[in-house]
Amino acid sequence: MRSKIAVETQSVDRLSRVLGAFDENLDFIARELGVTAFVDGLKIVIEGEEKQVKTAFSVLNALVALAAETGEIDKTKTAYCLELALEDRAEEILSMSEGVVAVTYRGKQIRCKTVGQKEYVEKIRKNAVTFGVGPAGTGKTYLAVCMAVAAFKTRRVDKIILTRPAVEAGEHLGFLPGDLGAKVDPYLRPLYDALQELLGLETYAKLLEKGVVEVAPLAYMRGRTLSNAFIILDEAQNTTKEQMKMFLTRMGEGSQIVVTGDVTQIDLPEGKKSGLIDAVETLTGVEGVAVCKLTAKDVVRHPLVMRIIRAYEKKEQNGQANEKKSSGIAARKEETNE
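Residues numbered from 1 in each chain as written. Predicted model: local features only at pLDDT ≥ 70, side-chain atom pairs only at ≥ 80, totals over all residues. Heavy atoms only, no water.

This paragraph deals with the sheet that holds strand 1 (residues 2–8). Reading across the sheet, the three strands line up as 1-3-2 and stay open at both edges, with antiparallel pairing between neighbours. The sheet terminates laterally at strand 1 and strand 2 (36–40), the two strands that pair on one side only. Within the sheet, the average angular offset between the axes of one strand and its neighbour, ignoring direction, is 20°. As defined by bridge partners, strand 2 adjoins strand 3 (residues 43–49) across five bridges and the pair is classed as antiparallel. Bridged to A37 within strand 3 is I46. On top of the sheet, helix 3 (residues 50–70) reaches strand 1 and strand 3; it is set at about 155° to strand 3, its chief contact. (Pairing = 2+ DSSP bridges. Helix = DSSP H or I, 4+ residues; strand = E, 2+ residues; numbered from the N terminus. Axes fitted to C-alpha atoms, helices over the stretch in contact; angles between N-to-C directions. Contact = heavy atoms within 4.5 Å.)

Written out as C-alpha cells, the structure is:
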C-alpha cells in the first residue's frame, strides 16, 4: 500500500541541518528505506510503501528535534537514528543527547551520541564501580575521562588517576627506548589526549606536576589506597584476574572507579583468562557495581568503523555456526560407526 506524508521542520536552519551537506542525510534515508523524499518549502515529503514511509517519518521527526537540541546532524548520527527506528526505538533518540557530560576548555559541550553511551554515563553517575565493555570507537575511555574531569571540577573528588596495564599488542616493552615511563607512554597516550582536550594543555600540565592528575601503569597501583579519587582503568581486557582484584581493592573512601575494555582485543598470553571477563562474571549483581555493555551501534567514529566491526562479528558468528555444524556431523558419523 502506497503512502505519502510530510515532516515539518519549522525553520530553514533546522531543515538544512536535517538534510546535511548536499542533502546526504535525506538521500541516505531514502536509499536505505526505498522511499522517495523531497523538500517542499520547510517540509520534507516522503512517498513509498506505507511501512517504509512510517519509518522514514519517525527518523526525520527525531532528527528535526535533535537538530533543534544539539545542532549539526552528520551521516553517522543519521545512520544510528535509522537503526533505532527500524527497531521501533525512535522515541529513544532524543534521550541520548539530554544533558551535558562535560565542557572542554574551549567551551565545547560534550554530549552522549548514542543511547548506549547515555546508559553508560548514567551508570557511572549512580554507581561506585562501573564496567564499560565494548568495541573500539564507542567512547568508553573518553566519556569516563569526561566524567572524571566533571567530578574534579565540582570538587566531588580531589584527584584523577588514569591507569592501563602495560601489555604489548605483538611488541615487547624491553626493546623500546628509555626508562619505564618512556616505555609505557605510548600506551597511555589516549588518556593524555582526552585530558588535554578537556582541561587545556597548560592546566593539564600544572595538575600533572602537582600530582592532582596521575597517569601511571597498573603496576604502580599495588600497595596503595586511593581515597577521594576518580580512578579509570583503561584497556582492562589485558589485566589478569589477580591484577584486576588488586586494582579494585585499591579503592578508598570517597573514590569512584570506572573500568573500560574490549574483550575482542585481548593481548594476554594464550591460556590466561582476562581479568575483565572474570570481574564482570564475578561482580554482576553486586550492589554498587554496574556493567554497561556497548555494541557496534554505539561506535561514533567514521561510519566505516561500524561496518568493519560488524563484518568481524559476522565472520565470528559464521565460524561458530560452522564449528557446531562440524561437531554435529562428526557426532552422527560416530553413532553410525557404532
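So, about the environment of P190. Looking at the secondary structure, you find P190 in helix 7 (residues 180–199). According to the relative accessible area criterion, P190 is partly exposed, its value standing at 36%. Separated by 48 residues in the primary sequence, P190 and Y142 place their C-alpha atoms 8.5 Å from one another. (Buried < 20%, exposed > 50% of the residue type's maximum accessible area, 1.4 Å probe, protein only.)

What follows covers the pairing of strand 8 (residues 213–217). When a strand is regular, its side chains alternate between the sheet's two faces. Of all five residues in strand 8, five are buried, a share of seventy percent or more. Neither face of strand 8 is open: one carries V213, V215 and P217, the other E214 and A216, and all of them are buried. Of the pairings in the sheet, the one linking strand 7 (residues 159–164) to strand 8 comprises five bridges and is parallel in character. Its bridge partner lying in strand 8, R164 is registered against P217.

Scored by pLDDT, the protein chain comes out at a mean of 85, with 86% of its residues at no less than 70. Summarising per-element confidence for the protein chain, the mean pLDDT is lowest in helix 11 (residues 303–337) (70) and highest in strand 6 (residues 129–133) (97). Contacts of residues 169–173 to residues separated by more than four positions or lying in other chains number five contacts, the stretch itself having pLDDT below 50. (pLDDT = per-residue confidence, 0-100.)

For the rest of this paragraph, the subject is unusual backbone geometry. For F22, which is not glycine, the phi dihedral falls at a positive 55°. Relative to the helices and strands, F22 is located in the loop between helix 1 (12–19) and helix 2 (24–33). The backbone of E235 sits at a positive phi, close to 55°, despite the residue not being glycine. Position of E235 relative to the elements: it lies in the loop between strand 9 (229–233) and helix 9 (241–248).

Okay, the nonpolar core next. Grouped together as the largest cluster of nonpolar side chains are 35 residues, with contacts concentrated most on Y120, V145, L162, L195, V215, F230 and I232. Of all the secondary structure elements, the ones that give two or more residues to this core are helix 5 (115–126), helix 6 (140–153), strand 7, helix 7, helix 8 (201–210), strand 8 and strand 9. If sequence neighbours within four positions are ignored, V145 has contacts with L162, L191, A194, L195, L198 and I232. By size, the runner-up hydrophobic cluster in this structure holds 31 residues, among which are L33, V35, I46 and V53. (Core = buried A, V, L, I, M, F, W, Y, C linked by side-chain atoms within 4.5 Å.)

The complete set of buried residues in helix 10 (residues 275–283) reads G275, L276, D278, A279 and V280. Of the surrounding elements, those touching the buried residues of helix 10 are strand 6, helix 9, strand 10 (256–261) and strand 11 (289–293). N-cap assignment for helix 10: the residue whose side-chain oxygen lies 3.1 Å from the backbone N of L276 is S274. G285, located one to two residues past helix 10, shows a positive phi value of around 95°. (Polar contact = N/O pair within 3.5 Å; in protein donor to acceptor, adjacent residues only side chain to side chain.)

Below, the discussion takes up the sheet that holds strand 9. If you trace the six strands from one edge of the open sheet to the other, you get 8-7-9-10-6-11, paired in parallel fashion. Each edge of the open sheet carries a strand with a single partner, namely strand 8 and strand 11. Taking each pair of neighbouring strands and ignoring which way they run, the sheet shows an average axis angle of 15°. Relative to strand 10, strand 9 runs parallel, the two being bridged by four bridges. Paired with I231 across the strands is I257, a residue of strand 10. The strands touched by helix 9 within the sheet are strand 6, strand 7, strand 9 and strand 10, with strand 10 carrying the most contacts at an inclination of about 155°.

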